[in-house]
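Here is what each chain is made of, one letter per residue.
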Amino acid sequence: MASPYHWSQRPDRPGGAMTVSEPIEKMTEAEAAQELERLAGLLAQANLAYHTQDAPEISDAEYDALKQRNAEIEAQFPHLKRADSPSEQVGARPGEGFSKVSHAVRMMSLGNAFDDEDVTDFDRSIRKYLGLDTDAPLAYTAEPKIDGLSLSLRYEQGVLVQAATRGDGEVGENVTANARTIADIPARIEGAPEVLEVRGEVYMSHADFAALNTRQEAEGGKLFANPRNAAAGSLRQLDAAITRARPLRFFAYSWGELSEPLAETQMHAIERLASLGFQTNPLTRRCDDLEAMIAHYRDIEAQRATLGYDIDGVVYKLDDLSLQARLGFRSTTPRWAIAHKFPAELAWTRLEAIDIQVGRTGALSPVARLTPVTVGGVVVSNATLHNEDYIAGRDSRGQEIRDGKDIRVGDWVQVYRAGDVIPKIADVDLSKRPEDAQPFDFPTQCPECGSPAIREEGDAVRRCTGGVICPAQAVEKLKHFVSRAAFDIEGLGAKQVEQFHADGWIREPADIFELRSRYGEGLQQLKNREGWGEKSATNLFQAIDDKRRIPLARLIFALGIRHVGEVGAKDLALHYRDWDAMAAALDTARPAALAHRAADTAEEQERQQAQAEGRRARISDTRAAVISAQEVPPEAAAAWADLIGVDGIGATLGLSLSDAFANTDERAAFDRLTAHLTVIPPDAPARDSPVAGKTVVFTGSLEKMTRAEAKARAEALGAKVAGSVSKKTDLLVAGPGAGSKLKTAQSLGIETLDEDGWLTLIEGL
DNA sequence: CAGCCTCGAGTTCC
DNA sequence: CTCGAGGCTG
C-alpha cells in the first residue's frame, strides 16, 4: 500500500480506498452475498421508516455507515452486486442528495496571479525554495483554465469505480452514476496503473449550452445563467437519466492517488492520460521560461472568444514532478502551480443606496444596493463595500484605492466579481456624479440598537458596542450557533432562527433546547404558526434532541467567541478535553489574563511616550513592572501560560476567551446551555503509539508534509503539539532551517529528531 | 521585528 | 473568495 510517490503519501490520510472502513478482504463469497442481502434489507427498512415519517430507526451516521459498507463489499465482489442494490438507489433519503466520498488525496485549489508580476513572483519563490539561480533552466507547463467544475475519477484495474466532486477538497459527493453518462469519460481504460485517480474539469461548450437553453425554454424548464451553472446543474442531477441527456464534456489535467507514477514530468503525464483515452486540452504547452509562459498566456487570451468553451485564465505547473514533490503544498494550494487569471469582466451601473449590516461580532458592514446589472453571466444587485475606509477610497494602510475616489449614493460605479464570485466596486465615474451627491456619512451608532459604534485604534471595522442588548448581534450569534460547523440542527436554519427570535421564543442558545417543554405542548402553538405543521414540529424537536449530545469542539465553536473559529475550537477541545476543565482553567487564569492586558496598555503608553521623547521604548521592563505589580498568583500564571502555549492560540485569542468566560451574562448563558447537553470529549488518542501523551514541537521547514498535516497526525497519535519549546517538551522535530527552538531544546537536553526520524518513529501507525 | 502563512469574519448568488 | 489580523519563524 505504501507508495513511494508524494501524491499518495500524504501522512494524514493513510490507506488507499476513498472510503474508510474495516477491510473486507477476508470475507468469503458466500459471506459477502449474505452480508449484501442483510444490508439491502436494513437500508430498505430504514428508507421506509424515513419516508413514512416515523421517527427514523437509525441515525444518519449509522445509515451512512451501512451504505458505505455495502459499497465496499460491492467493490470487492462486483459480480455479487444485487439487482436491488442500495448503492444504485440514488438519493434514497430525501434532501440528502448524494452520498459523501472522502478523497484519498486531497483535491487542492490553486493560488491566483492577476498580472505578469505575480507570475514572476511565483517563479522567484519557487527558485528560492529550491535554491536555484534566476538563470537556471526551469520548465513549466501552461494550459487554459477551464471554467467548469472539477471531478475526480477513480479507476481500479482499469475500471471506473467512482466519480466524486471536489466538495471542500477533503470530502466530495459521489456522482458515479452521472459521470458514467459522459461520453468523454471512459468506463474502462487499458494499460493504466492498478489504481489511478484522474482529475479534470467537467464543462459545457457554448454551442451545447445555447441549444440546451433553447430546449429548456421550449419545454418550459428553467434557463441557466451560464455554461458553468448548466454543467454544475446537469452533473448534480439525482436522476442520472437527466444527466445523460445533457451534453457534458471532460478535460483531464491532473491525478490523485496512483499505484505507480504516470511519468517523470507534468507534460508527459498529460500525454499519458491522453494515450489512455482521456481528452486533454490541445493548448497545453511546455514552456522553457517565463517569457514563453506569458507569451502563451497572451496567445490563449487572444483565442478566448473562439475556443467554444469558457476559460478564466491559464494554469502554470512546474514540469518536473520530482521538483513538484520537493515543493509540496501549503494548506489549500500546491506551491508548484498557479492560475494566471484573465482580467475580470466589468459592468457599469448606478449605486442606489448603501445599507449597513450588523454581524455577530457587532461589525458594521456596508453593502451597496445596485441597479441590477449582468456581470459575467450573473445578475448582480448587491456588492460588498467592506468598511468605511473602502468607501472613502483608502485601504487599511491609508493608501489610495480607485485613485482616492470615494463612493457616493447616486454614483455610476463599475462592478466586477472578485474571483468570479463576490461583487465588488472597481471604479467610480466622477463625470456622472449628481451635483447633490454627498460623501457617505458612516454611522457612529448601531442602526439596529442605537448603541455607540466604536472603531478601535488600528482596526478597519467599526463595531456596535451593544453586545447582548443588540438584537442584530443576538440573531447573528444564534445563526452561527445552528450553522453547519456548529450545532447543525436540521430544520433550524437562518430563516427559522430569525422567526423564532422575532417571536421572542429563542433569545439565546439554551432556549432552543427548551422549545419543546415551553411551546411544544400539544404542538398547538407551533402548529398555529405560519409554515409549521405537526410533522415539521415533530421533526424539529427530534433534530434538536439529536444534538443534545455534542462534541466539545463544536460546542466551543458554536459559542461564537471572537477569534475562536473552527480550528481554534478544535485546538482548545484537544487541549482541555472537557468543558468543566476548560472553564475552571480559564477562571484560574483570569488574574494573569488581566495582568497581560494591563501590560499591553502600559506597553502602548510607553511606546508613545518614548516616541514623543525621542528615545527607545523599554518594552520588556515596562511589561515586567506591570505584571509584578498585579501580583498574579503562580497558579494563574501557570494556567495562562498553559493556555497560550497551545499551538495556534496566542494572547489575543486567550484574552477574548477569558473575557467571555468572566462576563457574568455570557457565563450564565453558557451554564444554562450546557445544562441541556452531554458534551462528548475528543476521540481518545491511540494508546500504544510511541508519542502518546508526549508533547511535541515542530520547527524549521517540513518537506514531506505540511505543518497542519504533521500536527494532525501527531495529535491523532495522542501527542500534544505545542508551539514553543519548554521543559515540558518531550520531543522536538526539527526540519532544515531550524533556529532558536533547536538551540533551546539542546540546552534543555530534549530529544531531537529530523523529519525522516519522526516519520520512521511513527511509521506503520 | 518583518515576512509568511493560516485562520476568522464577512460577503453574493445559485 | 477576499481582506484583515493573529501567530509563528528566523
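Up top you'll find the structure we're talking about.
Read on for an overview of the structure. (Residues numbered from 1 in each chain as written. Chains lettered and ligands numbered in written order. Predicted model: local features only at pLDDT ≥ 70, side-chain atom pairs only at ≥ 80, totals over all residues. Heavy atoms only, no water.)

In terms of helices and strands, chain A carries 27 helices and 24 strands. Counting all 765 residues of chain A, 46% fall into the buried class. Across chain A, contacts joining residues at least 24 apart in sequence account for 67% of those joining residues at least 6 apart. A total of about 37900 Å² of accessible surface is found on chain A, and carbon and sulfur atoms cover 49% of it. (Helix = DSSP H or I, 4+ residues; strand = E, 2+ residues; numbered from the N terminus. Buried < 20%, exposed > 50% of the residue type's maximum accessible area, 1.4 Å probe, protein only. Contact = heavy atoms within 4.5 Å. Areas by Shrake-Rupley, 256 points an atom, 1.4 Å probe, with all protein chains shown as cover.)

This part takes up the sheet that holds strand β16 (residues 422–428). One open sheet accounts for five strands, arranged β14-β13-β12-β15-β16; its pairing is antiparallel. The open sheet has two edge strands, β14 (378–384) and β16, and neither has a second partner. Here the average twist between neighbouring strands, direction ignored, is 40°. In this sheet, strand β15 (residues 412–418) lies alongside strand β12 (residues 347–358) in antiparallel orientation, the contact comprising four bridges. Across the sheet, the residue bridging to R350 is W412, located in β15. (Pairing = 2+ DSSP bridges. Axes fitted to C-alpha atoms, helices over the stretch in contact; angles between N-to-C directions.)

This brings us to the packing of aromatic side chains. Scanning the entire structure with this criterion turns up 13 aromatic pairs. Look at W579 and F670: their rings are 6.2 Å apart centre to centre, the planes differ by 85°, and that puts the pair in the edge-to-face class. Here W579 is found in helix α20 (residues 579–613), whereas its partner F670 is found in helix α24 (residues 664–674), with 91 residues between them in sequence. A residue is classified by how much of its surface remains accessible, and W579, at 7% relative accessible area, is buried. For F670, a relative accessible area of 6% puts it in the buried group. The rings of Y203, F251 and Y309 are connected pair by pair, giving a single aromatic cluster. Its guanidinium or amino end placed over the ring of Y390, R402 lies 5.0 Å from that ring's centre, counting from NZ or CZ. The ring of W412 is capped by K432, whose NZ or CZ atom sits 5.0 Å from the centre of that ring. (Phe/Tyr/Trp six-rings, centres within 6.5 Å; stacked < 30°, edge-to-face > 60°. Lys NZ or Arg CZ within 6 Å of the ring centre and 35° of its normal.)

Another aspect to go through is the protein's contact with DNA strand B. Around DNA strand B sit 22 residues in total, of which R360, T361, S365, I422 and H563 are the nearest. In the interface set of DNA strand B, defined as its atoms within 4 Å of the protein, sugar plus phosphate atoms amount to 93%. Side-chain polar atom of R360 to a phosphate oxygen of DNA strand B: 2.6 Å apart, as the coordinates give it. One of the backbone N or O atoms of G568 is found 3.0 Å from a phosphate oxygen in DNA strand B. Looking at the surface near DNA strand B, the elements that each hand over two or more residues are β13 (364–375), β14, β16 and α19 (566–576). Per-element accounting of the surface near DNA strand B gives the leading share, five residues, to β14. (Near = heavy atom within 4 Å. Polar contact = N/O pair within 3.5 Å; in protein donor to acceptor, adjacent residues only side chain to side chain.)

When you line up the elements, E173 lands in strand β6 (residues 171–173). If we ignore the near neighbours within four places in the chain, the residues touching E173 are F98, S99, K100, V101, A163, A164, T165 and R236.

Sheet architecture is open: five strands sit in the order β2-β11-β10-β3-β9, paired in mixed fashion. The sheet terminates laterally at β2 (111–113) and β9 (285–287), the two strands that pair on one side only. Averaged over all neighbouring strand pairs, the angle between strand axes comes to 35°, with direction disregarded. Inspection of the sheet shows strand β3 (residues 140–146) paired to β9 by three bridges, in the antiparallel sense. Bridge pairing in β9 links T141 to R286. This element, helix α9 (residues 290–303), spans β3, β9, β10 (311–318) and β11 (337–341) of the sheet and lies at about 160° to β10.

Each turn of an α-helix holds 3.6 residues, which means side chains three or four residues apart point in the same direction. Listing the buried residues of helix α6 (residues 227–235) in full gives P227, A230, A231, S234 and L235. The buried residues of α6 occupy one face: seen down the axis, they fall within an arc of 120°. In this structure, the buried residues of α6 make contact with β4 (149–156), β5 (159–165), α4 (176–179), β7 (195–203), α5 (206–219) and α7 (240–244). (Arc of directions from axis to C-beta.)

Not every positive phi belongs to a glycine, and Q157 is a case in point at roughly 55°. Mapping Q157 onto the fold places it in the loop between β4 and β5. Overall, Q157 belongs to the exposed group, its relative accessible area being 58%. One non-glycine residue, H386, lies in the positive phi region at around 60°. If you trace the backbone, H386 turns up in the loop between β14 and α11 (388–392). Its relative accessible area of 35% is what places H386 among the partly exposed residues.

Our focus in this paragraph is the pairing of β7. Burial runs high along β7: nine of the nine residues are buried. Bridging between β4 and β7 involves eight bridges; their strand directions are antiparallel. For L149, the partnering residue across the bridge sits in β7 and is V202. Looking at chain direction, β7 and strand β8 (residues 249–258) are connected through seven bridges and run antiparallel. Its bridge partner being in β8, L196 is matched across the sheet by L258.

On to helix α3 (residues 116–130). Compared with an ideal rise of 1.5 Å per residue, which puts 15 residues at 21 Å, α3 spans 21 Å between its outermost C-alpha atoms and is within 8% of the ideal. Looking only at α3, the buried set comprises V119, F122, D123, I126, R127 and L130. Down the axis, α3 shows its buried residues gathered within 130° of arc, on one side only. Exposed positions of α3 whose direction lies more than 90 degrees from the buried face are E117 and K128. Taken together, the buried residues of α3 touch β2, β3, α9, β10, α10 (321–327) and β11. After α3 finishes, the residue G131 shows a positive phi value of roughly 70°. (Expected span 1.5 Å × (residues − 1).)

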